[in-house]
Amino acid sequence: MLGRTANGLYWMFRYIERAENIARLIDAGLRVALTRTNFADEDWDGVLQSAGVRLNYGDVHATLTSANAIDFLLRDTSNPSSVLSCIESGRHNARMVRTALTRETWEATNECWIDLKRLLVRKAHSADMPEIIDAIKRRTGLIRGAFHGTMLRDDIYNFSRIGTFIERADNTARILDVKYYVLLPAAAQVGSSLDNMQWESILRSVSAHRSYGWVYDGEYNASNIADFLILNGRMPRSLAYCYEKAVSNLGYLAQQYGERHAAHDTAERTHASLRNRGIGDIMEYGLHEYIEDFIAQNNRLGQEISDGYRFYQG
Amino acid sequence: MMQTGGTPRLPYQTYHDWYAQQDPACLIAKTTEAETIFRKTGITFAVYGHEDSSEKLIPFDLIPRIISGREWRRLAQGIEQRVIALNAFLDDIYHRQEIIKAGRIPREIIENNVAFLPEMIGFRPPGGVYTHIVGTDIVRTGEDEFYVLEDNARTPSGVSYMLENRETMMQMFPELFHINKIRPVENYPNLLRKSLASLAPKGCRGKPRVAILTPGIYNSAFYEHAFLADQMGVELVEGSDLRVIDGRVAMRTTRGYQTIDVLYRRVDDDYLDPLTFKPESTLGVPGIMDVYRAGNITIANAPGTGIADDKAVYSYMPEIVEFYTGRKPLLENVPTWRCSEADSLKYVLEHIEELVIKEVHGSGGYGMLVGPTATKQECADFADKLKARPSNYIAQPTLSLSTVPIMVDKGIAPRHVDLRPYVLVSDKVQIIPGGLTRVALKEGSLVVNSSQGGGTKDTWVLED
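Worth saying up front: this structure is predicted, and the values here are computed from it rather than measured.

Here is what the cut-offs are and how they apply
- Chains are numbered independently. Their residues run from 1 in the order of the written sequence.
- In the order they appear in the text, chains get letters beginning with A and ligands get numbers beginning with 1.
- Per-residue local features of the predicted model are confined to residues with pLDDT of at least 70, and side-chain atom pairs are confined, for both listing and counting, to 80 or more; whole-chain, interface and lining totals are unaffected and use all residues.
- Where side-chain values are given, they derive from all heavy atoms of the structure, hydrogens and water being excluded.
- Numbering of helices and strands runs from the N terminus, with a helix taken as a DSSP run of H or I at least four residues long and a strand as a DSSP run of E at least two residues long.
- For a compact globule the rule gives 2.2 Å times the number of residues to the power 0.38, and the radius of gyration it is set against comes from C-alpha atoms.
- Note on contacts: a residue pair qualifies if any of its non-hydrogen atoms lie within 4.5 Å across the two residues.
- Per-residue and other accessible areas were derived by the Shrake-Rupley procedure at a 1.4 Å probe size, with only the shown protein chains allowed to occlude residues.
- For this count, His and the chain ends are skipped, Lys and Arg are scored as positive, and Asp and Glu as negative.
- Throughout, a charge is located at the NZ atom of Lys, the CZ atom of Arg, the CG atom of Asp or the CD atom of Glu.
- Exposed residues in this analysis have more than 50% of their type's maximum accessible area, buried residues have under 20%, and partly exposed residues fall in between, with area computed by a 1.4 Å probe over protein chains only.
- Salt bridges, as used here, are contacts in which a Lys or Arg side-chain nitrogen is within 4 Å of a carboxyl oxygen on Asp or Glu.
- Counted as a polar contact is a pair of N or O atoms within 3.5 Å, where, for protein atoms, one must be capable of donating a hydrogen and the other of accepting one, and residues adjacent in sequence contribute only when both atoms are in side chains.
- Nonpolar residues are Ala, Val, Leu, Ile, Met, Phe, Trp, Tyr, Cys and Pro. Charged residues are Asp, Glu, Lys and Arg, and all others, Gly as well, are polar.
- DSSP-based pairing: two strands are paired if at least 2 bridges between them are found.
- Lines fitted to C-alpha atoms define the axes, with helix axes restricted to the stretch in contact, and inter-axis angles between N-to-C directions lie between 0 and 180 degrees.
- Convention used here: angles under 35 degrees read as roughly parallel, angles over 145 as roughly antiparallel, angles from 65 to 115 as roughly perpendicular, and any remaining angle as oblique.
- Each residue carries a pLDDT score, the predictor's confidence in it, ranging from 0 to 100.
- Left-handed describes a crossing whose near helix is turned anticlockwise from the far helix through less than a right angle; right-handed describes the clockwise counterpart.
- Residues grouped as a nonpolar core are buried Ala, Val, Leu, Ile, Met, Phe, Trp, Tyr and Cys residues, joined through side-chain atoms within 4.5 Å.

Caption draft 1: Looking closely at the overall build of chain A. Each helix and strand in chain A was counted, giving 15 helices and zero strands. Against the 2.2 N^0.38 benchmark of 20 Å for 314 residues, chain A shows a C-alpha radius of gyration of 19 Å, consistent with a compact globule. By its C-alpha atoms, chain A is 55 × 50 × 35 Å across when sized along the principal axes. Partitioning the contacts of chain A with sequence separation of at least 6, the portion at a separation of at least 24 is 66%. Element-wise, carbon and sulfur atoms account for 48% of the exposed surface of chain A, whose accessible area totals about 13,000 Å². For chain A, the separation between the mean place of its 36 positive charges and that of its 39 negative charges on side chains is 6 Å.

As structure tokens, then:
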């Protein structure tokens, strides 16, 4: 496979994953705004930070308003991480690596682009938001379904999956990083409605507010939530899950190509630490520091994969 | 579809009966359905010089063009004869130039031609094949009258539409494929791959590795390049993916460099090798011509094949066919005035309103004048261009092209069409039974190019 193709696949799936995660963040933000009487426009600050675009937003808008924040996250093409930008970039990469994709995967991606471009052509009315968020989740879900159902399990598949998990781990870590103070034991006055709201917003932004209840018997507390998002191997957006998958995808490539790279060591080391550490240990080390380390390490892994497998852009 | 007297022509009989039973509103709705299918699969092309139109659809008409087995056999023989002559001509032009010595074609028309590549003189490509893929443009003017408009011996495009049109028709009207015996076209990608692999260079060790070279995602035909690579199961590469290593052309892969044996290039000669041709080209591979001449890669089509489909050379095709095959051409050439000749120029200027005038090196329907439909002013302006550079133009009579029915809002209406069958050349000549039918959608128009508002339709060759 061309290094350019591997690069294109990796980024195609990073962008699609990001589009979906941004939609989730907006959804969680809207939900909080609906259910809290004292919700203010400034509360979008955290959402923009979680999306990693707070500074970009400041370049475009002088003041923080709910409508502007949503528009910026959804369809501002000057924001490289807006849903629209992500779908454009994802589809652009897909078009470039068209030959590596099954017809079904390509069509799902192309239709996602056609549909969302149409939906996002105008500034969204708040009444349209449920339909839009739903369309983003559904369209990206169709890509994933077509991909899983039709792709050969070869290096193409594995590079694509690696892109998905590196992006997802990054997104989950960012959500935690922005909200880490909510999970600090000192700040946690267990049972207060404010905390419950904040926690639920975190769980919603990773589509996990239901599954959390099942796993922890409805026991809402900071340490359980941190455990769920960082260490729980069954939770498909947790750091541990993402790394288990990334390690396995990288393992396939090592076996197939008969060579290992620095990326393999980095991924395995991180995965081992996620498996062996308890949440108490992490809280003691410092949640914020831990997540910061993780994000830096995750970026390094992305770079090592790119170097090891000779990624390049056309 | 119809013959004089109002009965359908024989190959259309079954279709005609089926059509009579359809609900017209349903058929019109199917047109929208077809468009959705094309959008979704991304069958688009780019029109140069249009803002914000980087991805357009070619209109698809859902009434098939139907050719009987008998008609097809006749056409196929004529095409085969012509393609054999083209390859023989190319071999001769780049070697002994017997046809010039015999006085059948003037020396200056070859040697002063930009499509003639001195780099190819004395070099014989693997298998002696110059033009591996040919798309012969044919028009019909009567029951048994076919003319060749162009030979397209460089990089004929449009084959993906032939395949997708068929695919779309089978999806929308499966019943038609039960009641008609239609010869298949869908094995084209496989035949192409085998045909190319069979012409691997002598330096190839092991199973030949084939790749398609595209100018990239912004090229008007990128969809087709990707489509073919996908269907053939070969790598789609750009110039920046390739470099010459140890005398072989290699691509940058996730495991390091891997050599390529056969390159189906969709990049023009000029851009193929910046060390040999245009130095500023970033679409090609520096040094690939040296690898080629050393016998370590096959390039399809060979560089320099443009000399065979040049519009000035076209007018000599009857002589060329006869010179190399020893027989009269089975397919007609459109009578052509070469404006470089004073008598012809005079005639053309006097009859400008009756003629079609084309640039010698032009393509895509750009820079041409269709006399009968042009305004007085357009004719006068074109006459000035002609006088300024006569050798840049040829002129042909407007043929009374056959029409086929298309779907319009009010039902069906006749429109002019041409036909481009695709031909693969290796140690044998294979002609795919079918091809791309291009249709001039504007009423009365004779220009079928997609860049000028043309559409396409599925083309059936019946088994009979």
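Caption draft 2: Layout of the overall build of chain B. Along its length, chain B carries 16 helices and 22 strands. For chain B, whose C-alpha radius of gyration is 22 Å, the value lies close to the compact-globule estimate of 23 Å for 464 residues. Based on the C-alpha atoms only, the size of chain B along its principal axes is roughly 65 × 60 × 50 Å. Buried positions account for 57% of the 464 residues belonging to chain B. Taking contacts inside chain B between residues at least 6 apart in sequence as the whole, the part at least 24 apart equals 68%. As displayed, chain B has an accessible area near 19,400 Å², and 50% of this comes from carbon and sulfur atoms.

Caption draft 3: Region of the structure containing the interface of chain B and chain A. With 26 residues of chain B at the interface, the matching set in chain A holds 28 residues. The interface formed by chain B and chain A holds four salt bridges in total. One salt bridge in this structure joins Asp241 of chain B and Arg4 of chain A, with 2.4 Å as the shortest N-O distance. For the pair chain B and chain A, the number of links is 10 residue pairs in polar contact (both at pLDDT 80 or more). If you list the elements that add at least two residues to the side of chain B that touches chain A, you get α2 (24-41), α6 (159-172), α9 (222-232), β6 (235-237) and β8 (248-253) of chain B. At four residues, α9 of chain B tops the list of elements feeding residues into the side of chain B that touches chain A. Partitioning the side of chain B that touches chain A into residue classes produces eight nonpolar, seven polar and 11 charged.

Caption draft 4: Representation of unusual backbone geometry within the structure. The omega torsion across Ala300 of chain B and Asn301 of chain B is -10°, close enough to zero to call that bond cis. Mapped onto the elements, Asn301 of chain B comes out in the loop between β11 (298-300) and α12 (306-309). For Ser207 of chain A, which is not glycine, the phi dihedral falls at a positive 50°. Locating Ser207 of chain A in the fold gives a position in the loop between α9 (193-205) and α10 (209-215). Classification of Ser207 of chain A by relative accessible area gives partly exposed; the value is 39%.

Caption draft 5: Expanded view of the environment of Tyr223 of chain B. All names here are of chain B. Counting through the fold element by element, Tyr223 comes out in helix α9. Take Tyr223: its relative accessible area is 6%, and that puts it in the buried class. Among the polar contacts listed, one links the side chain of Tyr223 to the side chain of Glu164, at a separation of 3.3 Å.

Caption draft 6: Looking closely at the pattern of salt bridges. Residue and element names in this part refer to chain B. Within the structure shown, the criterion is met by 48 salt bridges over all chains. Among the salt bridges present, the one from Arg140 reaches Glu143, with a minimum N-O distance of 3.9 Å. Judged by its relative accessible area of 45%, Glu143 falls in the partly exposed class. Beyond isolated ion pairs, a larger network of salt bridges with shared partners links Arg9, Glu71, Arg140 and Glu143.

Caption draft 7: Looking closely at the pairing of strand β17 (residues 403-408) of chain B. Residue and element names in this part refer to chain B. Pairing of β17 with strand β18 (residues 411-420) involves six bridges; the strand directions are antiparallel. Each residue of the ladder has a partner; that of Val408, found in β18, is Gly411. What sits between the antiparallel neighbours β17 and β18 is a turn of two residues.

Caption draft 8: Layout of the packing of helix α6 (residues 103-119) of chain A against helix α7 (residues 129-150) of chain A. Residues and elements named next belong to chain A. For the pair α6 and α7, the least separation of the axes is 8 Å and the interaxial angle reads 170°. The angle between the axes of α6 and α7 places the two elements in the roughly antiparallel class. Of the residues in α7, those in contact with Glu104, Thr105, Ala108, Thr109, Glu111, Cys112, Asp115, Leu116 and Leu119 of α6 are Glu131, Ile132, Ala135, Ile136, Arg139, Leu142, Ile143, Ala146, Phe147 and Thr150.

Caption draft 9: The arrangement of the confidence of the model for chain B in detail. Residues and elements named next belong to chain B. Mean pLDDT over chain B works out to 90, with 97% of the residues at or above the 70 mark. Every residue in residues 49-53 is under pLDDT 50, and counting partners more than four places away or in other chains gives one contact. This prediction of the complex comes with two scores: 0.87 for pTM and 0.80 for ipTM.

Caption draft 10: Main features of the side chain of Arg14 of chain A. Mapping Arg14 of chain A onto the fold places it in helix α1 (residues 3-35). If we ignore the near neighbours within four places in the chain, the residues touching Arg14 of chain A are Gly163, Ile166 and Glu167 of chain A.

Caption draft 11: Local environment of the packing of α6 of chain B against α9 of chain B. Residues and elements named next belong to chain B. The contact between α6 and α9 brings their axes to 9 Å, and the two run at 70°. With respect to each other, α6 and α9 are oriented roughly perpendicular. Along this stretch, α6 crosses α9, giving a crossing that reads as left-handed. Of α9, the residues touching α6 (which contributes Val159, Ser160, Tyr161, Leu163 and Glu164) are Tyr223, Glu224, Phe227 and Leu228. When the residues that make up the contact of α6 with α9 are grouped by side-chain class, the tally is six nonpolar, one polar and two charged.

Caption draft 12: View of the nonpolar core. Counting residues in hydrophobic clusters, the biggest one holds 105 residues, and the most contacted among them are Ile26, Trp44 and Ile230 of chain A. Considering each element in turn, this core owes the most residues, 14 residues, to α1 of chain A. Within the second largest apolar cluster, 65 residues are counted, among which are Leu117, Ile299, Ala308 and Ala312 of chain B.

Caption draft 13: Local environment of the sheet that holds strand β20 (residues 429-431) of chain B. Residue and element names in this part refer to chain B. In spatial order, the strands read β2-β19-β20; together these three strands make up an open sheet with antiparallel pairing. Of all the strands in the sheet, the pair left with one neighbour each is β2 (133-135) and β20. On average, adjacent strands in this sheet sit at an angle of 20° to one another, irrespective of strand direction. By the bridge criterion, three bridges tie β2 to strand β19 (residues 422-425) in an arrangement that is antiparallel. Paired with Gly135 across the two strands is Tyr422, which belongs to β19. Running over the sheet, helix α3 (residues 69-93) touches β2, β19 and β20 and is turned about 140° from β20. In this fold helix α8 (residues 188-197) packs onto β2, β19 and β20, with an angle of close to 25° to the strand it touches most, β19.

Caption draft 14: Fine view of the sheet that holds strand β7 (residues 242-245) of chain B. Residues and elements named next belong to chain B. Read from one edge to the other, the open sheet built from three strands follows the order β7-β8-β9, with strand pairing classed as antiparallel. Taken across any chain shown, the strands that pair with only one partner, and hence form the sheet edges, are β7 and β9 (256-259). Neighbour-to-neighbour, the strand axes of the sheet open up by a mean angle of 45°, direction not taken into account. Of the strand pairs in this sheet, β7 and β8 are connected by four bridges, and their pairing is antiparallel. Counterpart to Arg243 in the pairing with β8 is Ala250.

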